[in-house]
Amino acid sequence: MVDYHAANQSYQYGPSSGGNGAGGGSSMGDYMAQEDDWDRDLLLDPAWEKQQRKTFTAWCNSHLRKAGTQIENIDEDFRDGLKLMLLLEVISGERLPKPERGKMRVHKINNVNKALDFIASKGVKLVSIGAEEIVDGNAKMTLGMIWTIILRFAIQDISVEETSAKEGLLLWCQRKTAPYKNVNVQNFHISWKDGLAFNALIHRHRPELIEYDKLRKDDPVTNLNNAFEVAEKYLDIPKMLDAEDIVNTARPDEKAIMTYVSSFYHAFSGAQKAETAANRICKVLAVNQENEHLMEDYERLASDLLEWIRRTIPWLEDRVPQKTIQEMQQKLEDFRDYRRVHKPPKVQEKCQLEINFNTLQTKLRLSNRPAFMPSEGRMVSDINNGWQHLEQAEKGYEEWLLNEIRRLERLDHLAEKFRQKASIHEAWTDGKEAMLKHRDYETATLSDIKALIRKHEAFESDLAAHQDRVEQIAAIAQELNELDYYDSHNVNTRCQKICDQWDALGSLTHSRREALEKTEKQLETIDQLHLEYAKRAAPFNNWMESAMEDLQDMFIVHTIEEIEGLISAHDQFKSTLPDADREREAILAIHKEAQRIAESNHIKLSGSNPYTTVTPQIINSKWEKVQQLVPKRDHALLEEQSKQQSNEHLRRQFASQANIVGPWIQTKMEEIGRISIEMNGTLEDQLNHLKQYERSIVDYKPNLDLLEQQHQLIQEALIFDNKHTNYTMEHIRVGWEQLLTTIARTINEVENQILTRDAKGISQEQMQEFRASFNHFDKDHGGALGPEEFKACLISLGYDVENDRQKQTGSMDSDDFRALLISTGYSLGDAEFNRIMSVVDPNHSGLVTFQAFIDFMSRETTDTDTADQVIASFKVLAGDKNFITAEELRRELPPDQAEYCIARMAPYQGPDAVPGALDYKSFSTALYGESDL
C-alpha cells in the first residue's frame, strides 16, 4: 500500500489548533461542532446534498485511484467497509486491521467499525455516526463520515500564520487572491459563486494556465468551468462540482467548496512552504533591520544635537554691546525666541535620544545581540557634559542683555525727537521716489494717462506743503551735532539722506510731468490707428469667416450643369483673393504702425485693441485657412465634376438603349393586339404566325439584358433621374413581362379555339364570325366583354332568349341585326341572361373572355352527345341487355378505354343480373355530371 501520509508530510506545518485554541492532535471539538452544523444544513437545503455527493465522491476517487480503484455511489460503495478502509489507508499512510471478506451484514459492520475506530484513534470524535447507518446506506450519515475524514486528513493540518483548519484555509485564500480585481473571499460559499476566486488561485501559482484579464464577472458558468477544467487537466485536481450547481444555488454548500479548495491548497502546498520559509527569514531580517535603524537614528540624533550645542554656545558667549536700544532689544528677543522655540525641541530630542538608547539596548539583549556602543564622542555622558556647558553660557548671556538695555534707554531719549520727525518725513516719502520713477504710463491706456496727469498735479501740491518739515529736521540735526551726541554720525547721515532725497523728489517730479505729457500725445496717435484697424478688420474678418464656411460647405449635385455652376462660382471667388490679400496687408500695416510707435517710445500697450477682438493672428490664421481650403475645394469640385460626367455618360447610355427597347415593346404590344383582333387565315396559320412572333420576341431578350447591366451601373452610381428618357427600368421590365404574358395568352387562346373547333365541329367561317362579333363589342380591346357588351353580342348573333335557342337571321350581318333589335326594342330577359352569365362567368368576375364565349356558342350551335345517346350506344354493344360484361367491353372497345370503363362501372344490381354484370346506365349518367361517377 502506498504510504500516502508520508508523501503529504511536506504540506504540513506542524500541529494546528481549532477555532477555540484546542490542539489539532488532541481535540476535534470545533470539527464536531461543524458536523452538527452539517446535520442541520443538510435538512435545510437538499441542493447541498447533491453538491456534497459530487464533491465528496470526487475527493474520495482522487485518493482511491492511487490504489487502482474508485467509487460510483458514495452511500452504496462504502457499505461493506472495504473501500472505506482502503481510503483511510491511502490518505493516512498507515495499515488498518485486516478486513473481513465475508458478505454477511456482521462482516460489513465489523469492517466499518474498524474504519471508525481508526478515525477515532486520530483524535476525531464521531457524533451520531454508527457502523449500522453506513452499512444500511444512510446517505446523510455517510456524507457526514466522509466530511469528518476530509476535515481530519485534508483540512485540519492546514496552518497559515497561527491560524489553522478552516480559518487557516480561508486566510490562505484571502492572501493569495488579494491582488485580483472582483475577488473578495470572505467565506466558503457566496464568495466562490462567480468562479473568479478559483481562477485567481490557479493564476497566482500557475499564471501561464489562466488568462485572468479575459474573465468576466457576469459569466460565472464560463469562469467556473474554465477553472475546473484547467485544475483537472494540469493540476491533477478532479472535477468535484458542476458549474451549474454552484450558480443555480442561492448559497453553495460550504463543505463542498472547502473540500474543493483544500485540494487547491495541497496542490500548491509546495509554494506555500516556500512562502512560510520566506516569511520566517523576513521576520528575522526585519528585527535586525529595525535594530540597525535605531542605531543609525541614535548616531544621527546624537551628532545633530552635539553640533547644535557647539554652534549655540559661541552665540551665547558673544558680549559685544550695540549702540541702539532696538538692537539690544532684538538680541533679547532673539534670546527669548531661543528659549521658546529653538531649545524645547532640543530638550525633547535629548530625552528621546536617551529613550531610544535604552530601548535599543533592551531589544538587542532580548534578541541575543551584543550591546550597542556609540561612536567616540557620542556617548550619553558626552551629550550631558555639552548640555551642562550650554546652560551655564545661557545664564550669563541673559544677565548681560538686561544690564545693557537699561544703559541704552537713558541715552536714547535725547535723540527721540529727531527720530520722530525724521520718521514722519520718511514715512511720507516712503514709496514716493519709486512712484515717480515708476513707468506705469508705458502700459497705460489713453484714459489712464489723463488720470495719471491729474494725480501728478495733486502730488506736486502735496510736495510743496512738506518743505517746512524738511527744514525743521535739518535744524534738529544741527543741534545734536552741537551737543556732541555719540551717534551724531548716524544722525548727520540720516539728515543728509533726507535732504538729498528731497532734491531728488523735485527732479523726478519734473521729469515725470514731461513723460506723462509726451505719452499722452503718442497714445492719442495709437488710439486713432486702433480705431482705423478695427473699422477695416471687422468686415474683412466677416468676409473670411463666410469664405471658410462656403469653402467647407457640403454640396450635393445631380447634374453636370449644377457642378459646372459651382465651379464657375468658385472661380469667381478665387479671382477676388488678390484684392482680399491686399486689404489684409493694409490692415496689418495699420497694426504694425501702432506697434512701431509704441516700441520706439517704450510704450507697453496694455491688452489688445480696445475697439475689436480681431487680432492680426486671427486674421493671418483665418487667411491661411482660406488658402488651404481653396485647393481642397478645387479638388472636391473636380472630383464631383468627373463623377457627374461619368453619371451623365451612364444616363445617356441607358437612355439610348431604353429609348429603343421601350418603343419596341410598345410596338410589339400593339401588333399583338392587332393580330388578336384581325386573326387572318386559319387558326393553324394564326398559331404558327404567333409562335414565330413569340420566337422573335424571345430573341430580343439580349437587348433587355444589356439594359439591365446598364441600369445596375446607374444604381451603383446612385443616379435617381434621367432627363434623356421617359423610360425607367421598372417600366421596361413590366412592359417586357406584359409582352411575354400577352403573346403566351394569345397563343393559348388560339390553341383553345382549335381544341374547341375540333371538339365541337365548328367551321372556320363560324369561328371567324364569333371572333368578329366579339371584337366588335370589345371596345377597349381588353380581350373580355362586360355583361352589357356580352348581352349585345348575343343579341347581334340572333340568340333567342325566350326559347333558350339561337336563331339565325338570314344573311343579316351583326351591325344590321343589332340596329334592327334596337329599333324594335328587343332585349334579353333578365332571368335568362343571368343563367347564361353563370355559365360563361362561373367566378362572377363580371367579365366574359373570348374562350368562355366560344365554349358557350359551341354548345349552342353544334350537336352534342347526351347521356341518353351514350346509354343507347352501350345497350347496342350489350346486345340490348340492361347490363354489359367486362368481356364485351374488351371485345368492342380499345384496350385503354375498355379498362377505363371496367374500373369505373359499378356492379349491376337488377333482377336479371349475372356474375360480372356492370351497370352502364349509372356510368353514362355520371359522365355528364348528372350523378356521381
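Residues numbered from 1 in each chain as written. Predicted model: local features only at pLDDT ≥ 70, side-chain atom pairs only at ≥ 80, totals over all residues. Heavy atoms only, no water.

Per an unreviewed UniProt entry, the recorded name for the chain is Actinin alpha 4, and the organism is Phyllostomus discolor. As stated in UniProt under Sequence similarities (unreviewed entry), the record for the chain gives "Belongs to the alpha-actinin family." (UniProt positions renumbered as here; feature names shortened; annotations may be inferred.)

1. A closer look at the overall build of the chain
Of regular secondary structure, the chain possesses 34 helices and 9 strands. Split into buried and exposed, the 933 residues of the chain put 42% on the buried side. Nonlocal contacts in the chain, meaning residues at least 24 apart in sequence, comprise 73% of its contacts between residues at least 6 apart. (Helix = DSSP H or I, 4+ residues; strand = E, 2+ residues; numbered from the N terminus. Buried < 20%, exposed > 50% of the residue type's maximum accessible area, 1.4 Å probe, protein only. Contact = heavy atoms within 4.5 Å.)

2. Side note on the packing of aromatic side chains
In this structure the tally under the stated criterion is 30 aromatic pairs. Seen from their ring centres, phenylalanine 198 and phenylalanine 228 are 5.3 Å apart, and the 75 degrees between their planes marks the pair as edge-to-face. Here phenylalanine 228 lies in helix α10 (residues 220-234) and phenylalanine 198 lies in helix α9 (residues 196-205), a separation of 30 residues in the sequence. Accessibility expressed as a relative area gives 0% for phenylalanine 198, which makes it buried. An aromatic cluster of at least three residues, connected via ring pairs, comprises Trp308, Trp315, Phe335, Tyr338, Trp387, Tyr397 and Trp400. Sitting over the ring of phenylalanine 153, arginine 152 keeps its end group 5.2 Å from the ring centre. A cation over an aromatic ring shows up here: lysine 881 above the ring of phenylalanine 883, its NZ or CZ 5.7 Å from the ring centre. (Phe/Tyr/Trp six-rings, centres within 6.5 Å; stacked < 30°, edge-to-face > 60°. Lys NZ or Arg CZ within 6 Å of the ring centre and 35° of its normal.)

3. Considerations on the confidence of the model for the chain
Confidence in the prediction of the chain, expressed as mean pLDDT, is 80, and 86% of residues score 70 or more. Overall, residues 1-44 carries pLDDT values under 50, and its contacts beyond four positions in sequence, including any with other chains, amount to 89 contacts. In the model, residues 801-827 has pLDDT below 50 throughout and makes 40 contacts with residues more than four positions away in sequence or in other chains. (pLDDT = per-residue confidence, 0-100.)

4. Quick look at the environment of cysteine 173
Positionally, cysteine 173 belongs in helix α8 (residues 165-177). Separated by 28 residues in sequence, cysteine 173 and leucine 201 have C-alpha atoms that sit 7.4 Å apart. Setting aside chain neighbours within four positions, we find cysteine 173 in contact with Val185, Phe188, Trp192, Leu201 and Val261.

5. Digging into the packing of helix α19 (residues 488-552) against helix α21 (residues 577-600)
In contact at an axis separation of 9 Å, α19 and α21 are set at 155 degrees when each is read in the N-to-C sense. Classed by the angle they form, the pair α19 and α21 counts as roughly antiparallel. For the pair α19 and α21, the crossing hand works out as left-handed. Contact residues: Gln522, Thr525, Ile526, Leu529, His530, Glu532, Tyr533, Arg536, Ala537, Phe540 and Trp543 in α19; Leu577, Ala580, Glu583, Arg584, Ala586, Ile587, Ile590, His591, Glu593, Ala594, Ile597 and Ala598 in α21. (Axes fitted to C-alpha atoms, helices over the stretch in contact; angles between N-to-C directions. Parallel < 35°, antiparallel > 145°, perpendicular 65-115°, else oblique. Left-handed = near helix turned anticlockwise from the far one by under 90°.)

6. Some details on the environment of arginine 757
By the secondary structure assignment, arginine 757 is in helix α25 (residues 729-760). Between the C-alpha atoms of arginine 757 and methionine 767, which are 10 residues apart in sequence, the distance is 7.7 Å.

7. Here's the deal with the nonpolar core
Counting 79 residues, the largest nonpolar core has Ile146, Ile149, Trp192, Phe198 and Phe264 as its most contacted members. A total of 11 residues in this core trace back to one element, the largest contributor, which is helix α7 (residues 139-155). Sequence-distant contacts of phenylalanine 264, that is, excluding residues within four places in its chain, are made with Trp172, Phe198, Leu201, Ile202, Ala231, Leu235 and Ile237. Ranked by size, the runner-up nonpolar core spans 48 residues in total, among them Phe654, Trp664, Tyr700 and Leu739. (Core = buried A, V, L, I, M, F, W, Y, C linked by side-chain atoms within 4.5 Å.)

8. Here's the deal with the packing of helix α4 (residues 82-92) against helix α5 (residues 105-121)
Packed helix pairs are specified by the crossing angle of their axes together with the interaxial distance, meaning the distance between the axes. Interaxial distance between α4 and α5 falls to 8 Å at its minimum, and their mutual angle equals 25 degrees. Here α4 lies roughly parallel to α5, going by the angle between them. In this structure, α4 crosses over α5, and the sense of that crossing is left-handed. Here α4 contributes Leu82, Leu84, Met85, Leu88 and Ser92 to the contact with α5, which in turn contributes Asn111, Val112, Lys114, Ala115, Phe118 and Ile119. Along the lines of polarity and charge, the residues of the contact of α4 with α5 split into 8 nonpolar, 2 polar and 1 charged. (Nonpolar A, V, L, I, M, F, W, Y, C, P; charged D, E, K, R; others polar.)

9. With respect to helix α14 (residues 325-366)
Compared with an ideal rise of 1.5 Å per residue, which puts 42 residues at 62 Å, α14 spans 60 Å between its outermost C-alpha atoms and is within 8% of the ideal. Its maximal kink placed at lysine 343, α14 deviates by approximately 45 degrees, while the proline proline 344 follows within four residues. Directly after α14, the chain includes asparagine 368, whose backbone phi takes a positive value near 60 degrees. (Expected span 1.5 Å × (residues − 1). Bend = angle between axes of the 7 residues up to and from the residue.)

10. Some thoughts on unusual backbone geometry
Non-glycine residue aspartate 236 carries a positive phi angle of around 60 degrees. Secondary-structure assignment places aspartate 236 in the loop between α10 and α11 (243-247).

11. A look at α5
Helical geometry: 3.6 residues make up each α-helical turn, so side chains three or four residues apart lie on a common side. Taking 1.5 Å per residue, 17 residues should reach 24 Å; α5 reaches 24 Å between its end C-alpha atoms and fits that length. Looking only at α5, the buried set comprises Ile109, Asn111, Val112, Ala115, Leu116, Phe118 and Ile119. Two residues or fewer after α5 comes glycine 123, characterised by a positive phi angle close to 85 degrees.

12. Concerning the side chain of aspartate 75
Relative to the helices and strands, aspartate 75 is located in the loop between α3 (46-64) and α4. In this structure the side chain of aspartate 75 is engaged in a polar contact, spanning 2.9 Å, whose partner is the side chain of arginine 53. Once you skip the residues sitting within four places of it in the chain, aspartate 75 turns out to touch Arg53, Gly137, Ala139 and Thr142. (Polar contact = N/O pair within 3.5 Å; in protein donor to acceptor, adjacent residues only side chain to side chain.)

13. A word on the side chain of arginine 584
Among the structural elements, arginine 584 can be located in helix α21. Looking at arginine 584, the relative accessible area reads 10%, which means it is buried. Side-chain polar atoms of arginine 584 contact the side chain of aspartate 581, separated by 2.8 Å. If sequence neighbours within four positions are ignored, arginine 584 has contacts with Phe540, Ile619, Asn620 and Trp623.

14. Considering the pattern of salt bridges
For the structure shown, the criterion picks out 48 salt bridges. Residue aspartate 571 pairs with lysine 574 through a salt bridge whose shortest N-O separation is 3.7 Å. Of this pair, aspartate 571 and lysine 574 are both found in helix α20 (residues 560-575), 3 residues apart, which corresponds to roughly one turn of the helix. Residue class for aspartate 571 comes out partly exposed when judged on its relative accessible area of 40%. Residues participating in the shared-partner salt-bridge network are Arg339, Lys343, Glu394 and Glu398. (Salt bridge = Lys/Arg side-chain N within 4 Å of Asp/Glu carboxyl O.)

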